[in-house]
Amino acid sequence: MDDIASVYAELSRLMSPLWENTKSFANSSFFTSLAGAFAGAIAAQRIAERGKFREELVKEFQSTNSVIALATSVANVALSLKKQHVNNLKSSYDADQERFRAHKAKILSGQILHQTPLEIRPNLMFLQGISPPIATIQDIVLSRLSAGGRTIASVTALADSVENLNGALSKRNELLTSFKNKQLPEGATFEDMYLGLCYQERHTNQEYEGSIKAISLYTDDIIFFSVKLCEDLQYHSATLTKRYKSKLRGAPPKNATADFEKARQGGLIPKDEDYVDWLSGFISVQEPVPKWWQRMNPIHLFNRR
């Protein structure tokens, strides 16, 4: 015990001057200035980070609103095409198919002779392709937004649908040109090519029928996917608003909206039931994936703990 006491006394004599020097340094104006400068640097860094956070968040608001506006315009183009042309084209073609079946049934039942002319009313109007800003939408969604999941899938499906519709419209126009110039396969009549009937006993060409079905299908696809894209981005915009209010002061930017209720009531928007297989891959709209500037923000890092 005496040895321990002597060691303690010796250390005390050595530490006392060191402690006094440390207190003196801590109370010096130099240390105070250094501490103040350090605290100021930390505060300045946080302010700069908060400013960067605000800037990037506002940019994403703007990009989201831009895509909503662009996707709405795409939907409106397809809705207008469907209302003005595609619905009539499909219904008139279906009616001609029904007239042919009724005509054939009457021949088989002996009500009319085989030579009795078939009365059909073909809609042979040429329809031009559409050129919505799909590339711009893809660029913004894939490179400027943190939205993921169904949003990206909707953009991809929308781009494919536009390409497929234009292909179907182009194919139909080619067939209409061949009809007009009477460039038909040997032994085939216009009715054979138009209705997809068998000619020369073993040949059948259903390209025109297929083009009608494709035009109707892909027009609906464009409407459906552009509407879903708007819905998902409005959800994403609401998420951005919550993030803004939870971390920043002041009013957040306004959110763009898209209203398709009138078109839905008019039966122009396909039902979700028609796209069950596609929708089944997405349980819900996913939370947006934070960007690098969000992941590095001290507030985000703190919230992850």
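Scope of this entry: the structure provided in the associated data block. (Residues numbered from 1 in each chain as written. Predicted model: local features only at pLDDT ≥ 70, side-chain atom pairs only at ≥ 80, totals over all residues. Heavy atoms only, no water.)

1. Some thoughts on the packing of aromatic side chains
Inclusion rule: Planes of paired rings set the category: under 30 degrees apart is stacked, over 60 is edge-to-face and the rest tilted, where pairs are Phe, Tyr or Trp rings (Trp by its six-membered ring) whose centres lie within 6.5 Å. Each helix corresponds to a stretch of at least 4 residues labelled H or I by DSSP, and each strand to a stretch of at least 2 residues labelled E; elements are numbered beginning at the N terminus. Only protein chains enter the area calculation, which uses a 1.4 Å probe; residues under 20% of their type maximum are buried, those over 50% are exposed, and those in between are partly exposed.
Evaluated as defined, the whole model comprises 13 aromatic pairs. Centre to centre, the rings of Tyr194 and Tyr208 are 5.3 Å apart; their planes meet at 40 degrees, and the pair counts as tilted. In this pair, Tyr194 is assigned in helix 5 (residues 190-195) and Tyr208 in helix 6 (residues 207-247), connecting sequence segments 14 residues apart. Overall, the relative accessible area of 1% leaves Tyr208 in the buried class. When the centroid spacing of 3.8 Å and the interplanar angle of 5 degrees are considered together, the rings of Phe224 and Tyr275 count as stacked. In this pair, Phe224 is assigned in helix 6 and Tyr275 in the loop between helix 7 (261-265) and helix 8 (276-279), connecting sequence segments 51 residues apart. Phe224 gets classed as buried once you look at its relative accessible area, which sits at 2%. Under the relative-accessibility criterion, Tyr275 is labelled buried at 10%. Here the aromatic cluster, defined as three or more aromatic residues joined through ring pairs, consists of Tyr93, Phe179, Phe190, Tyr194 and Tyr208.

2. A word on the side chain of Thr72
Going by this rule: Working rule for contacts: check all heavy atoms of both residues, and any pair within 4.5 Å makes them a contact.
Examined against the element boundaries, Thr72 turns out to sit in helix 2 (residues 29-108). Discounting residues that sit within four places of it in the chain, Thr72 has contacts with Cys230, Ala258 and Phe260.

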